[in-house]
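# Chains, contacts and geometry: an overview
The chain contents come next:
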Amino acid sequence: PIVAAVIQTRLNQVAAFSAPQIDKYKVGFKVILRDKEKEPSKADKARAREIEQFILNCGVPENFEDTPEIKKRDNFETFIRKVTRDSLTFDQWCFEVIPRKNGLPYAFQAVDASTIRLIADKKEMTEKYGGLGEKYDPTNLISMGSEKIFKEHTAKLPRYAQVINGIVRHTFDEWEMGFGIRNPRTDLYAQGYGFSEIEMLVTTITSHMNAETYNRKFFSQGSAIKGVIAFEGAVPPDQLEAFRRQWHQQVTGINNAWRTPIMSLGKEGKLNWTSLHANNREMEFGKWLEYCIKTICGVFQIDPIEIGFDISKQGSGQSGSGGGLGYGNQAERLMYSQDKGLRPLVCHIKALLNEYIVYRIDPNFELDFVGLNSSDEKEEIE
C-alpha cells in the first residue's frame, strides 16, 4: 500500500503537466523554440501550436467517427499516466512511434514495458568479443524456439523485441520504439536494463508486508497469547474442562483470538495468572513500520507527508508538522520533496519525448514541462 500510494501520488502530479499551460501560474506543457534568445515569429507560433496539437492527440489528429471500427488512440494524459506507472514500477517505459512513409512520426502510443527486451547488435558483439560474437544469436537472449518468428521480421536494425509468453511477437528498430530508463547502470549482468526503486526496496517491502501480516494475524487469529491461567492444587479433570469451556465462551475474541491456556499445576493452593504480554512491543512494532515507510519514501524521493504520513517528528514529543527535511513548514517541505523526486521524473520524460517525437518533427522546437514550483500571482506582486 505504501508503494501504491507513492506511485499514485506521482501519477497525479505528472498528469497535471499533460495539458497546455493556461497561464504562467499553472503547470502544463509548452512547445517552444530551442533557441531561447530568438523571438518567435507568427509562423513559429503557428508551428508550435501544430506540434502542441500533435502531442495532445498522441499523433496526427484524426476523425474516428467515420471509422468506428478503428480504436481511438489515447490522449496525452492517458499516455503520461501509463508510461509513468511503468517507469516507477520497472524503471523502464516504452512507447511505439508509428512512422509515416517518409519516416517522420505519425503517432505514438504507450507499450507494455514488461514485454519489451533489448536486442544486442551481432556486428557490435563481433567487434567486442571476436569469434564469440559470430556465435551470438539475439533470440537466445529473448526466448528459445522463436528464431523462425524473429527472422520473419525485416526491420533495418532490430534493437528491441516484444516478447509475449516467451515468443518474439514483433521487433522494432532504433526509432520505432522509445525506450526510457531513469537509473542506468554499467553492470554487465543487468544487460542494459534499469534499476527500479521497487527492485532496490525488495527487502524493505517484504519486511513491511511481513509486519502487516503479523499484525493482521495478531488480531484475527490471536497468534500470541496474553497470559496463562494455572490452578495450584488438585483439580478434577471434569471441573477443569468445565472452567475452560466457560472461560472461552465469555472472553475469547473474534475468530478465537486470544485463547488463554488453562492448566493444573497439581499443588495445594490457588488460581494464578501469569501475564505474557509485553507493553513495549506496540512501540517496537510502530517504529519498525515507520522505518519501513521512511525507507520506501526515501528511495522514491518523496516526503511521507505527500502520501499522508506526517511522521517527521513522531516519538520526539513534538507534533509532526515540519522539520523532517530541515524546513520549517509543510509548504517548503513539499516543494523540496517535489524538487527532489518530481522534477527529475518530468525532465526525464520530457527529454525522451523531445528526442523521439518533437526533434524529428521540427528540430527547431522542443517540448517543455512548465509551472513546477512557480510562484503564484500574489507572491509575484509581493
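Model, not experiment: these values are computed from the prediction.

## Some remarks on helix 3 (residues 76–90)
For helix 3, with 15 residues, the first-to-last C-alpha span of 21 Å sits near the 21 Å given by 1.5 Å per residue. Taking the backbone nitrogen of E77 as reference, a side-chain oxygen 3.3 Å away marks N75 as the first, capping residue of helix 3. After helix 3 finishes, the residue D91 shows a positive phi value of roughly 50°.

## Quick word on the nonpolar core
By size, the foremost hydrophobic cluster in this structure holds 56 residues, and its most contacted members are F76, F79, F95, I357 and F369. No other element matches the 10 residues that helix 12 (residues 330–361) contributes to this core. Those residues within four positions of F369 in sequence are excluded, and the remaining contacts are F17, G28, F29, F76, I80, V346, I349 and K350.

## Description of the packing of helix 1 (residues 2–15) against helix 3
Direction vectors running N to C along helix 1 and helix 3 enclose 145°, while the axes themselves pass 9 Å from each other. Pair helix 1 / helix 3 crosses with right-handed handedness. In contact with I7, Q8, R10, L11, N12, V14 and A15 of helix 1, helix 3 contributes E77, I80, R81, T84, R85, L88 and T89. Counted by class, the contact of helix 1 with helix 3 contains 6 nonpolar, 4 polar and 4 charged residues.

## What about the confidence of the model for the chain?
Here the chain averages 78 in pLDDT, and 71% of its residues register 70 or above. This model gives residues 129–155 a pLDDT under 50, and the stretch forms 39 contacts once residues within four places in sequence are excluded. The model gives residues 315–327 a pLDDT under 50, and that stretch makes 26 contacts with residues more than four places away or in other chains.

## Things to note about the sheet that holds strand 7 (residues 177–180)
Two modes of strand pairing occur in sheets, parallel and antiparallel, and in both the strands are linked by backbone hydrogen bonds. What the 3 strands build is an open sheet, ordered 3-2-7; its pairing is antiparallel. For this open sheet the edge positions go to strand 3 (105–111) and strand 7, each flanked by a neighbour on one side alone. Between one strand axis and the next, the sheet turns by 25° as a mean value, whatever way the strands run. Bridging between strand 2 (residues 93–99) and strand 3 involves 6 bridges; their strand directions are antiparallel. From the neighbouring strand, I98 faces strand 3, where its bridge partner is A107.

## A closer look at the sheet that holds strand 5 (residues 160–164)
One open sheet accounts for 3 strands, arranged 4-5-6; its pairing is antiparallel. For this open sheet the edge positions go to strand 4 (116–118) and strand 6 (167–172), each flanked by a neighbour on one side alone. In this sheet, adjacent strand axes meet at a mean angle of 35° when their direction is disregarded.

Calculation notes
- Residues numbered from 1 in each chain as written.
- Predicted model: local features only at pLDDT ≥ 70, side-chain atom pairs only at ≥ 80, totals over all residues.
- Heavy atoms only, no water.
- Helix = DSSP H or I, 4+ residues; strand = E, 2+ residues; numbered from the N terminus.
- Expected span 1.5 Å × (residues − 1).
- Polar contact = N/O pair within 3.5 Å; in protein donor to acceptor, adjacent residues only side chain to side chain.
- Core = buried A, V, L, I, M, F, W, Y, C linked by side-chain atoms within 4.5 Å.
- Buried < 20%, exposed > 50% of the residue type's maximum accessible area, 1.4 Å probe, protein only.
- Contact = heavy atoms within 4.5 Å.
- Axes fitted to C-alpha atoms, helices over the stretch in contact; angles between N-to-C directions.
- Left-handed = near helix turned anticlockwise from the far one by under 90°.
- Nonpolar A, V, L, I, M, F, W, Y, C, P; charged D, E, K, R; others polar.
- pLDDT = per-residue confidence, 0-100.
- Pairing = 2+ DSSP bridges.

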